[in-house]
Amino acid sequence: MRGMTHPSQRRGLARNTSNYGDRDFALYLRRSFAKSMGYSEAMLDRPVVGIVDTGSAYNNCHRTVPELIEAVKRGVLGAGGLPMPFPTVSLSEPSLHPCSMHYRNLAALDTEAMLTAQPMDAVVLVGGCDKTVPAQLMAAVSADIPAIQLVTGPMLAAPFQGERLSACTDCRRYWALYRAGKVTEERINQIEGRLATTAGTCGVMGTASTMACLAEALGMMPGGTASIPAVHADRLRAAEEVGMLAMRLTEAPIRPSEVITAASVENALRVLLALGGSTNALIHLTAIAGRRGVAIDLHKLNALSDSTPVLVDLKPTGEGYMEDFHAAGGMPALLWELRDLLYHDVIDITGASLRHRLAEPAFVDRRYIRLRNDPVSPVGGLVALFGSLAPRGAILKRSAATPALFETEARAMVFDGLEDLAERIDDPALDVTAEDILVLKNAGPLTPAGMPEAGYLPIPSKLARAGVKDMVRMSDCRMSGTAFGTIVLHITPEAAAGGPLALVESGDRIRLSVGERSLDLLVAPEVLERRRAAWHAPAKPARGWDRIVADQVLQADEGCDLAVLRAGG
Ligand code: FES
């Protein structure tokens, strides 16, 4: 009788049947209902490849998902499988309140549940916007079924009056000029329509692009596919190939636990540093690795950063756009350039070792992927800072910061939260100078704000109008991967967890030393003790997802995952 094999040996629709005490009946029911969708007997006997669909009308970066899914389906069908697209939470960066980060773990939880609950022999993860790829990889690692990441790909930059524009480094650059009174209202409105002119993810080395590259560096994506522009036909061909590859995985499974290892995570960290990649990617990589029980030590990050040059010359660190990176050779070219710094015995989802993938020299265009002896920067893009203000660490993207501000001791101008910031930052009476340090607290992962990308605090408008372009800014939240400036992020523990950041007051002195990797609050211990005695933890939300987050979310150095979802719970 059909399905009489042991449950662990079942495949296709026979996987994960409900247990009514008669599994064959459960399969009989499942097939009966599947037939209501018009599938033939032969089709229902095929191996099943799930295709996660994170698109929605809210998600601009996922506009091409329907055609990508059709291409994946072609690949699966052509190779003899049954493709089964299914929806999960869709996270669009600009559409979510309080911010997309607040919902990354919800998407990961949703995806993991559907990967384990539904019958499938392998899955194709179709993501793109900042939080979707991390959520899918976190889920795939926890579910540990054969999985391949496919991304929507970056948008193209648009020519505009002698320059090129793309989301979203140029959005921030022009908005800063507008705040400083150097761009008119008419022009900023005109530019609004030129920043994102094609489908796809942000066109610079922001978080989405960085995560796509890290997925390839980890081995969860076929080589060379991270940076194919969203609108290229190659993107659809890659999707078709991914469908065929997923079918190979149904016969010879390779699981995420074989691909994501301590060695591949370290390779991904090297790539992150060489890309001048997003600070957010560090949080996401920590969360992905944490699902596998692999910890990322921020002291180790510093050691890697000191021995990994920035080689990729893209905005916000450099000049180019993702289409330039792709034309310059993309990830295969970068991995080739970094080859002596990487572990070669890791495998990707095709089963190929990195040693095998690096057997032949890759094509490299030196304009955007530099030679090791001619780097964009001789050291990596990110550094971790530690000290009395950040006992468990904070992050600075030095490749996008102002070196003249790397050693700063100055007075703090403190904002108690996002409301306070919005109310006072442009107050002409604000007691602030260009030499001060702007401090934002109560915007970390435990707060209702959900750790938004508010770490790129605006320069107070009276200073912006006077020509100030950068100041030291620090907070317990994040910043967009497309942003730039001397900005200390992810201060851990955060203020809402009672970290020292909670005790900082305007007028205190803070010392930042990038050279010493330190961040210290220069206030006497007895003063801090008095302030701590008066500090109260914020009330938790009463119910719902917000309450689950408040009870479970971990700090930035642990990837802001929910405690219960990490390896071992
Ligand atoms: Fe989706 Fe930038 S808004 S990648």
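Scroll up a little and you will see the structure.
A short tour of the structure in this document, coming up. (Residues numbered from 1 in each chain as written. Predicted model: local features only at pLDDT ≥ 70, side-chain atom pairs only at ≥ 80, totals over all residues. Heavy atoms only, no water.)

What about the overall build of the protein?
Part 1 of the reasoning: Counting its secondary structure elements, the protein contains 20 helices and 14 strands.
Part 2 of the reasoning: A compact globule built from 569 residues would reach a C-alpha radius of gyration of about 25 Å, and the protein, at 24 Å, matches this within 12%.
Part 3 of the reasoning: Going through the 569 residues of the protein one by one, you find that 59% of them count as buried.
Part 4 of the reasoning: Once local pairs closer than 6 in sequence are excluded, the contacts in the protein between residues at least 24 apart make up 75%.
Part 5 of the reasoning: Surface summary for the protein: the accessible area is close to 21,800 Å², and the carbon and sulfur share equals 54%.
Part 6 of the reasoning: Measuring between centres, the 58 positive side-chain charges of the protein sit 3 Å from its 64 negative side-chain charges. (Helix = DSSP H or I, 4+ residues; strand = E, 2+ residues; numbered from the N terminus. Rg over C-alpha atoms; globule rule 2.2 N^0.38 Å. Buried < 20%, exposed > 50% of the residue type's maximum accessible area, 1.4 Å probe, protein only. Contact = heavy atoms within 4.5 Å. Areas by Shrake-Rupley, 256 points an atom, 1.4 Å probe, with all protein chains shown as cover. Lys, Arg positive; Asp, Glu negative; His and termini not counted. Charge placed at Lys NZ, Arg CZ, Asp CG, Glu CD.)

Focus on the packing of helix α6 (residues 169-179) against helix α7 (residues 185-192)
Angle between the axes and distance between the axes: these two values describe a pair of packed helices.
Part 1 of the reasoning: Relative orientation of the contacting elements α6 and α7 amounts to 165 degrees, with a least axis distance of 10 Å. With respect to α7, the axis of α6 lies roughly antiparallel. With respect to the hand of their crossing, α6 and α7 are arranged in left-handed fashion. Contacts between α6 and α7 pair Tyr174, Trp175 and Tyr178 from the former with Glu185, Arg187, Ile188 and Ile191 from the latter.
Part 2 of the reasoning: Classifying every residue of the contact of α6 with α7 by side-chain character gives 5 nonpolar, no polar and 2 charged. (Axes fitted to C-alpha atoms, helices over the stretch in contact; angles between N-to-C directions. Parallel < 35°, antiparallel > 145°, perpendicular 65-115°, else oblique. Left-handed = near helix turned anticlockwise from the far one by under 90°. Nonpolar A, V, L, I, M, F, W, Y, C, P; charged D, E, K, R; others polar.)

Looking at the state of the cysteines
Part 1 of the reasoning: This structure, assessed with the given rule, holds 1 disulfide.
Part 2 of the reasoning: The disulfide partner of Cys168 is Cys171, and the gap between their sulfur atoms is 2.2 Å. Classification of the bridge connecting Cys168 and Cys171 rests on its S-S torsion, roughly -115 degrees, and on that basis the disulfide is left-handed. (Disulfide = S-S within 2.5 Å.)

Notes on the side chain of Glu266
Part 1 of the reasoning: One can find Glu266 in helix α11 (residues 262-275).
Part 2 of the reasoning: Overall, Glu266 belongs to the buried group, its relative accessible area being 13%.
Part 3 of the reasoning: Glu266 has contacts with Lys300, Leu304 and Tyr343, leaving out every residue within four places of it along the chain.

Regarding the packing of aromatic side chains
Any pair of aromatic rings gets described here by the distance separating the centres and the angle formed by the planes.
Part 1 of the reasoning: Enumeration over the complete set of coordinates arrives at 4 aromatic pairs.
Part 2 of the reasoning: Judged by centre distance (4.8 Å) and plane angle (50 degrees), the ring pair of Trp175 and Tyr178 falls under tilted. With Trp175 and Tyr178 both in helix α6 and 3 residues apart, the pair spans about one turn of that helix.
Part 3 of the reasoning: Cluster of aromatic residues (ring-pair linked, three or more members): Tyr20, Phe25 and Tyr28. (Phe/Tyr/Trp six-rings, centres within 6.5 Å; stacked < 30°, edge-to-face > 60°.)

Structural notes on the pairing of strand β2 (residues 82-87)
Part 1 of the reasoning: With 6 bridges connecting them, strand β1 (residues 48-53) and β2 associate as parallel partners. Residue pairing across strands places Val48 opposite Leu82, the latter belonging to β2.
Part 2 of the reasoning: Once the chain exits β1 it traverses helix α3 (residues 65-78) before rejoining the sheet at β2, and the crossover so formed is right-handed. (Pairing = 2+ DSSP bridges. Right-handed = clockwise from strand over helix to strand, strands pointing away.)

Points about a nonpolar patch on the surface
Part 1 of the reasoning: Judged by side-chain polarity, Tyr20, Phe25 and Tyr28 come together as a nonpolar surface patch covering roughly 360 Å² of accessible area.
Part 2 of the reasoning: Relative to the helices and strands, Tyr20 resides in the segment before α1 (23-35).
Part 3 of the reasoning: Residue Tyr20 is classed as exposed on the basis of its relative accessible area of 53%. (Patch = residues over 30% accessible without salt bridge, like charges linked within 9 Å, V, L, I, M, F, W, Y side chains within 5 Å. Salt bridge = Lys/Arg side-chain N within 4 Å of Asp/Glu carboxyl O.)

Thoughts on helix α5 (residues 132-143)
An α-helical segment advances 3.6 residues per turn. Residues three or four places apart therefore align on the same side.
Part 1 of the reasoning: Taking 1.5 Å of rise per residue, 12 residues should cover 16 Å, and α5 covers 16 Å from first to last C-alpha, within 8% of that figure.
Part 2 of the reasoning: With 11 of 12 residues buried, α5 lies mostly within the body of the structure. (Expected span 1.5 Å × (residues − 1).)

Overview of the nonpolar core
Part 1 of the reasoning: Grouped together as the largest cluster of nonpolar side chains are 134 residues, with contacts concentrated most on Phe325 and Leu334.
Part 2 of the reasoning: Core analysis: the next-biggest nonpolar cluster, separate from the first, contains 27 residues, Leu389, Phe406, Ile437 and Leu501 among them. (Core = buried A, V, L, I, M, F, W, Y, C linked by side-chain atoms within 4.5 Å.)

Topic: helix α15 (residues 330-337)
Part 1 of the reasoning: Most of α15 sits inside the fold, with 7 of its 8 residues counted as buried.
Part 2 of the reasoning: Those residues of α15 that sit buried are Gly330, Met331, Ala333, Leu334, Leu335, Trp336 and Glu337.

Points about the sheet that holds strand β3 (residues 122-127)
Part 1 of the reasoning: Pairing is parallel in the open sheet, where 4 strands are placed in the order β2-β1-β3-β4. For this open sheet the edge positions go to β2 and β4 (147-151), each flanked by a neighbour on one side alone. Ignoring strand direction, the axes of neighbouring strands in this sheet form an average angle of 20 degrees.
Part 2 of the reasoning: Looking at chain direction, β3 and β4 are connected through 5 bridges and run parallel. Bridging from a neighbouring strand, Gly127 pairs with Val151 of β4.
Part 3 of the reasoning: Where α5 meets the sheet, it contacts β1, β3 and β4, and its direction lies at approximately 160 degrees from that of β3.

A short note on the packing of helix α4 (residues 101-117) against helix α20 (residues 544-552)
Part 1 of the reasoning: Where α4 meets α20, the axes come as close as 10 Å, and the angle between the chain directions of the two elements is 95 degrees. The angle between the axes of α4 and α20 places the two elements in the roughly perpendicular class. On the side of α4, the interface is formed by His102, Tyr103, Asn105, Leu106 and Leu109, while α20 contributes Trp545, Asp546 and Val549.
Part 2 of the reasoning: Counted by class, the contact of α4 with α20 contains 5 nonpolar, 2 polar and 1 charged residues.

Let's talk about unusual backbone geometry
Part 1 of the reasoning: The peptide bond linking His97 to Pro98 adopts the cis configuration, its omega dihedral lying at 0 degrees.
Part 2 of the reasoning: The omega angle of the peptide bond from Ala167 to Cys168 is -5 degrees, so this bond is cis rather than trans.
Part 3 of the reasoning: One non-glycine residue, Asn442, adopts positive backbone phi at about 65 degrees.
Part 4 of the reasoning: Position of Asn442 among the secondary structure elements: in the loop between β10 (437-440) and α18 (461-464).
Part 5 of the reasoning: The partly exposed category is assigned to Asn442, whose relative accessible area is 31%.

Some points on the pattern of salt bridges
Part 1 of the reasoning: On inspection of all chains with the given rule, the structure shows 42 salt bridges.
Part 2 of the reasoning: One salt bridge in this structure joins Asp365 and Arg367, with 2.8 Å as the shortest N-O distance.
Part 3 of the reasoning: Asp365 sits in the buried class, given a relative accessible area of 17%.
Part 4 of the reasoning: Ionic pairing is found between Glu558 and Arg392, a salt bridge with its closest N-O pair at 3.6 Å. In this pair, Glu558 is assigned in the segment after α20 and Arg392 in strand β8 (residues 390-397), connecting sequence segments 166 residues apart.
Part 5 of the reasoning: Each of Arg31, Lys35, Glu41 and Asp45 takes part in salt bridges that share partners, so that together they form one network.

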